[in-house]
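Working through the structure, step by step
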Amino acid sequence: MPGDGLEDADPCDLTKLHINYKKALRVQTAVIALPFLIAALVVEEANIFPKGMVVIPIAMIALAAIIRLPARRHFARGYEMSADRLRVVRGILFHSDTIVPFGRVQHIDVDQGPLERFYGIATLTLHTAGTQNSSVNLPGLEQALAMEMREEIRSHIKRESI
């Protein structure tokens, strides 16, 4: 909205996610690439194509995806927390810039899967009123920071409801 100061906000001013988020994304990408590599090895062993014609391109694509995609996804995400709202920016191909006023938040979750626990990161989820797109996820926060942010936002919710 004009006059709220957000139109001048520079994406470089956003707080970047924890570096371990990139590591977790790399592990997730490797797990996704693994079935493709196994399939390429099976095709390679069937002697349908000359040796290396299938597995080498698949391995190169997988390696590029494991190295490049998580770095780009990490770089394309960020957040900005002000006194009354949280701004979450994400997206490479489809860009999303979401602002959640604390007065709209109904409840807050801090989630961790096994991989996130291993890397000491968590996902902060803000739930707002509504049915579709009623929650905003902010993955890749250091676990202690996610808990601090949850308590900060919760204190605003209590103040505004009184």
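What counts and how
Residues numbered from 1 in each chain as written. Predicted model: local features only at pLDDT ≥ 70, side-chain atom pairs only at ≥ 80, totals over all residues. Heavy atoms only, no water. Helix = DSSP H or I, 4+ residues; strand = E, 2+ residues; numbered from the N terminus. Contact = heavy atoms within 4.5 Å. Areas by Shrake-Rupley, 256 points an atom, 1.4 Å probe, with all protein chains shown as cover. Buried < 20%, exposed > 50% of the residue type's maximum accessible area, 1.4 Å probe, protein only. Expected span 1.5 Å × (residues − 1). Bend = angle between axes of the 7 residues up to and from the residue. Salt bridge = Lys/Arg side-chain N within 4 Å of Asp/Glu carboxyl O. Polar contact = N/O pair within 3.5 Å; in protein donor to acceptor, adjacent residues only side chain to side chain. Pairing = 2+ DSSP bridges. Axes fitted to C-alpha atoms, helices over the stretch in contact; angles between N-to-C directions.

Digging into the overall build of the protein
A tally of helices and strands in the protein yields 4 helices and 6 strands. Counting from the amino terminus, the protein carries its helices and strands in the arrangement α-α-β-β-β-β-α-β-β-α. Restricting to contacts in the protein with at least 6 residues of sequence separation, those with at least 24 account for 47%. Put simply, the protein shows about 10400 Å² of open surface, and 61% of that area lies on carbon and sulfur atoms.

Let's talk about unusual backbone geometry
Peptide bonds are trans in most cases, and residues, glycine excluded, mostly fall at negative phi. Within the chain, Asn 47 stands out as a residue other than glycine whose phi angle is a positive 55 degrees. Mapped onto the fold, Asn 47 is located in the loop between α1 (19-45) and α2 (55-75). The class for Asn 47 is exposed, based on a relative accessible area of 55%.

Some points on α2
When the terminal C-alpha atoms of α2 are compared, their 30 Å separation across 21 residues agrees well with the 30 Å that a helix rising 1.5 Å per residue should span. Roughly 30 degrees is the biggest bend found in α2, and it falls at Ala 65. At its buried positions, α2 is contacted by α1.

Quick notes on the pattern of salt bridges
In this structure the tally under the stated criterion is 5 salt bridges. Across the pair Arg 87 and Glu 80 runs a salt bridge, and its minimum N-O distance is 3.5 Å. The class for Arg 87 is buried, based on a relative accessible area of 7%. Residue classification places Glu 80 among the partly exposed residues on the basis of a relative accessible area of 30%. Residues Arg 85 and Asp 84 are paired through a salt bridge, measuring 3.9 Å at the closest nitrogen-oxygen approach. Exposure remark for Arg 85: the relative accessible area of 24% places this residue in the partly exposed category.

Some details on the side chain of Thr 123
Inspection of the secondary structure puts Thr 123 in strand β5 (residues 121-128). Taking relative accessible area as the criterion, Thr 123 reaches 11% and is therefore assigned buried. Within the structure, Thr 123 has its side chain in polar contact with the side chain of Glu 116 (distance 2.8 Å). In contact with Thr 123, not counting residues within four places along its chain, are Asp 109, Val 110, Asp 111, Glu 116, Asn 137, Leu 138 and Pro 139.

Observations regarding the sheet that holds β5
Sheets are built from strands that pair by backbone hydrogen bonding, the pairs being arranged parallel or antiparallel. One open sheet holds the 3 strands; their spatial order is β4-β5-β6, and the pairing between them is antiparallel. Edge positions in the sheet fall to β4 (105-111) and β6 (135-142), since each has one partner strand and no second. Going from strand to strand, the sheet's axes swing by 20 degrees on average, the running direction of each strand aside. Sheet topology note: the β4/β5 ladder contains 6 bridges and is antiparallel. By the bridge assignment for β5, Val 110 is matched with Leu 124.

Nothing here speaks to function; it is geometry throughout.
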